[in-house]
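A look at the structure
Single-letter residue listing:
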Amino acid sequence: IARQGYFDEAKFKPRIRHDLNLLFFIDSGGSMTPLFEFCQRWRSSVLASVRYRVAKTCYFNNVPGDQVFLDTDLKDGIPLRRFWGNVPPGRTIALVISDVGAARKSWDTLRILDLRDFSRALNRKGMAQLWLNPMRRQWWSGSSAEKVATLVPRMLSMDPVDTRKTIAFLNQLMERRQG
């Protein structure tokens, strides 16, 4: 990003097949609109680098509720339980991509509680989770993102430094869970 001025693609280890599932939950619309193309390129890069047993993407606005969407216009809704199906415990990674209110520097207690509950639901399903925020950490201060980062297992920025940490984290998860 520093060299080109834009995000090109993540560099993972050589493309291998993993017996893991990858579920993307991507915030769409509202404050995420200007960040959406960046998030889609990041997602495409991850999918091009590693083959997962199952890789699915859904979209939501602000909070994944009982229903998520298969399209970016948020028109083709399906129940959340149907989206994640019967994922094998310990064999699924959930990547949640959202600004969590950081883009507008907003604080929303209901959103914070709903995202905490969503994270707990992922835990109950036995999913490893990584929350990615396209806004730099300094933007989190005073927004819902600041609090949510303390409630979920791990939230990283999608800046160059944290993108490297994300890649390392995903590679570690894949190696650990392959055995």
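Just above, that's the structure.
Read on for a plain summary of the structure. (Residues numbered from 1 in each chain as written. Predicted model: local features only at pLDDT ≥ 70, side-chain atom pairs only at ≥ 80, totals over all residues. Heavy atoms only, no water.)

**Examining the side chain of Asn 133**
Quick note on the threshold: The way it works is that DSSP assigns letters per residue, a run of H or I at least four long becomes a helix, a run of E at least two long becomes a strand, and they are numbered from the N terminus. Counted as a polar contact is a pair of N or O atoms within 3.5 Å, where, for protein atoms, one must be capable of donating a hydrogen and the other of accepting one, and residues adjacent in sequence contribute only when both atoms are in side chains.
Tracing the chain through its elements places Asn 133 in strand 6 (residues 128–133). Within the local environment of Asn 133, its side chain forms a polar contact with the backbone oxygen of Asp 99, the two atoms lying 3.1 Å apart.

**Considering the environment of Ile 97**
The cut-off we apply is this: Here the term buried applies to any residue with accessible area under 20% of the maximum for its type, exposed to any over 50%, and partly exposed to those in between, with areas from a 1.4 Å probe on protein chains only. Contacts between residues were defined by any pair of non-hydrogen atoms, one from each residue, lying within 4.5 Å.
Tracing the backbone through its elements, the reader meets Ile 97 in strand 5 (residues 92–97). Since its relative accessible area comes to 0%, Ile 97 is described here as buried. With 60 residues separating them along the chain, Ile 97 and Ser 157 place their C-alpha atoms 9.7 Å apart. Ignoring sequence-local partners within four residues, the contact set of Ile 97 consists of Phe 24, Phe 25, Ile 26, Asp 27, Met 32, Cys 39, Phe 60, Leu 132, Pro 134 and Met 158.

**Focus on the side chain of Arg 43**
Here is the rule: Working convention for charge: Lys and Arg count positive, Asp and Glu count negative, and His plus the chain ends are omitted. Only one rule defines a salt bridge in this text: a Lys or Arg side-chain nitrogen within 4 Å of an Asp or Glu carboxyl oxygen.
Within the secondary structure layout, Arg 43 lies in helix 1 (residues 36–49). In this structure Arg 43 is buried but unpaired, with Glu 37 as the nearest side chain of opposite charge at 9.3 Å. Excluding residues within four positions of it along the chain, Arg 43 makes contact with Phe 24, Ile 26 and Thr 57.

**Examining the packing of aromatic side chains**
Inclusion rule: For Phe, Tyr and Trp, where Trp contributes only its six-membered ring, two rings pair if their centres lie within 6.5 Å, and the inter-plane angle classes them as stacked under 30 degrees, edge-to-face over 60, or tilted in between. Should the NZ of a Lys or the CZ of an Arg lie within 6 Å of a ring centre and within 35 degrees of the ring normal, that charge is described as sitting over the ring.
Throughout the structure, instances matching the rule amount to four aromatic pairs. Here Phe 25 and Phe 118 contribute two aromatic rings whose centre-to-centre distance is 5.1 Å and whose plane-to-plane angle is 75°, an arrangement assigned as edge-to-face. Here Phe 25 is found in strand 1 (residues 17–27), whereas its partner Phe 118 is found in helix 3 (residues 109–124), with 93 residues between them in sequence. The structure contains a cluster of three or more aromatic residues connected by ring pairs, namely Phe 25, Phe 83, Phe 118 and Trp 131. Cation over ring: Arg 43 sits above Phe 24, and NZ or CZ is 6.0 Å from the ring centre. Above the ring of Phe 83, the side-chain terminus of Lys 56 is found at 5.2 Å from the ring centroid.

Everything listed here is a matter of coordinates, which is why it stays silent on function.
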